[in-house]
Amino acid sequence: MRGRGDTVTHVYSNSINGFAYSGRGFLPDSRVQSLERDREVSLGGVGSATGRPNSPPPPPAPAQTVPTGIQRIGVPGIDGNGANDNDVYQDVNVAIIDSGIDGSHPDLNVAGGINFTSTKPQAWKDENGHGTHVAGTVAALDNAIGVVGVAPGASLWAVRVLNRQGFGSVSGIIAGIDWVTATRGNDGSTTNDIAVANMSLGIYGTTAALDAAVRASVNAGVVYTVAAMNESTDASLYSPARYDVVMTVSAMADSDGQAGGLGANTWAGPDDTLATFSNYGSSIDIAAPGVDIRSTLLGGTYGVYSGTSMAAPHVAGAAVRWIVASGTMPQTGLDVKGVRDALVAFARPMGEWGPNATASDPDTDHEGLLKISS
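Below: a short report on this structure. These numbers come from a predicted model, not from an experiment. (Residues numbered from 1 in each chain as written. Predicted model: local features only at pLDDT ≥ 70, side-chain atom pairs only at ≥ 80, totals over all residues. Heavy atoms only, no water.)

### Structural notes on the environment of Gly-257
Tracing the backbone shows Gly-257 in the loop between β13 (247-253) and β14 (273-274). In this structure the C-alpha to C-alpha distance between Gly-257 and Val-66, which are 191 residues apart in sequence, comes to 9.5 Å. Among all residues touching Gly-257, those that are not within four sequence positions of it are Thr-68, Gln-71 and Arg-72. (Helix = DSSP H or I, 4+ residues; strand = E, 2+ residues; numbered from the N terminus. Contact = heavy atoms within 4.5 Å.)

What follows is the structure, encoded as structure tokens:
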């Protein structure tokens, strides 16, 4: 590096070998294989005005309801009365690589976290709301209040890579991936081994460093679910959505939690169709509900967000359920490709969603809808 004014911001040793720095430039060095300019990363979902934190204490949590997305994918044993055993999934660790998580939310089992948006690694608490919403869809407790997630009670880890405004950097994302990869044994602990990681974020184009980091993490045994992004275009133009080792998720519009296309139209298209904002194309592996999804928000509150960001965590929760149902030890020997192939194989063909589904897809690669029960 050039000395004066240069600062190393991240050091990577688990997914890739390298570092990120800010400074005036980089002198030629035969030990450096490649050099990339850092780029801005943004989240893949938008929220409504409801559910934002207020300065007064939050109101009492409402009685538990089952979100339409949970209903639509057929999560068994969830009836809204809070009678489910939340201990079933607590041994599976899930990383929410996002804006952080509200660790004090009464509907979430947050095990810990780390922050890569500043020099304060313990400042992983969500200040945006996006990460907390994603976390609730994955694993909100079945406890008679608020909402319930796909895999209630799974242990959540907040990997904060997005700031209060919902923006981050490629270097920060790689730092988060590197940390997740380290939990697979390199950090000396067996209690925090991440089995599933959700990334509801992305950038236009790609970088070799991000690609390499994701692939190394998958090879270490982490299932990645990622948002297709929301530009109504080909998902192969975006990363990490374009990577073949992750599960890339598009968003379906559903208004009634049931198949058949009989519900009311949504703002993003008719019931049981591909959401008008969703990216599409051959990079998509599976679809999940992503319009008007109710989940957890900051300050113990709840609200409705939409986006492929909201679709992806449904698949993350399904991956947790598959790991538990298969009897796989999430700390060792996790067959990442096997998880992905199983979920895709059981997905319901687009033609079965409703009468307008196939016509709503701009391409001929008609992905199936995530389905958990028959």
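### Examining the packing of aromatic side chains
Tallied over the full model, the rule gives three aromatic pairs. With centroids separated by 6.1 Å and ring planes inclined at 50°, the aromatic side chains of Trp-157 and Trp-179 adopt a geometry described as tilted. With a gap of 22 residues between them, Trp-157 in strand β7 (residues 155-160) and Trp-179 in helix α3 (residues 170-182) connect regions that are remote in the sequence. Trp-179 shares its class with Trp-157; the two are buried. Here Tyr-204 and Tyr-238 contribute two aromatic rings whose centre-to-centre distance is 5.3 Å and whose plane-to-plane angle is 85°, an arrangement assigned as edge-to-face. Here Tyr-204, found in strand β10 (residues 201-204), pairs with Tyr-238, found in strand β12 (residues 238-239); they are 34 residues apart in sequence, far enough to count as distant. A relative accessible area of 52% places Tyr-204 in the exposed class. For Tyr-238, a relative accessible area of 10% puts it in the buried group. Directly above the aromatic system of Phe-346 lies the positively charged group of Arg-348, at a separation of 5.0 Å from the ring centroid. (Phe/Tyr/Trp six-rings, centres within 6.5 Å; stacked < 30°, edge-to-face > 60°. Buried < 20%, exposed > 50% of the residue type's maximum accessible area, 1.4 Å probe, protein only. Lys NZ or Arg CZ within 6 Å of the ring centre and 35° of its normal.)

### A few points about empty space enclosed by the protein
Overall, the coordinates contain one cavity of 30 Å³ or more when judged by the stated rule. Approximately 40 Å³ is the volume found for the largest cavity. Around the largest cavity, the lining residues are Pro-67, Ile-70, Gly-136, Thr-137, Val-147, Val-148, Ile-293, Arg-294, Ser-295 and His-314. Looking at the lining of the largest cavity, the elements with two or more residues in it are α2 (130-139) and β16 (293-297). Partitioned by chemical class, the residues of the lining of the largest cavity number five nonpolar, four polar and one charged. (1 Å grid on protein atoms, 1.4 Å probe; cavity = no way out; pocket = protein on both sides within 12 Å on 5 of 7 lines; lining within 4 Å. Points joined across faces, edges and corners; volume = space filled by probe spheres on them. Nonpolar A, V, L, I, M, F, W, Y, C, P; charged D, E, K, R; others polar.)

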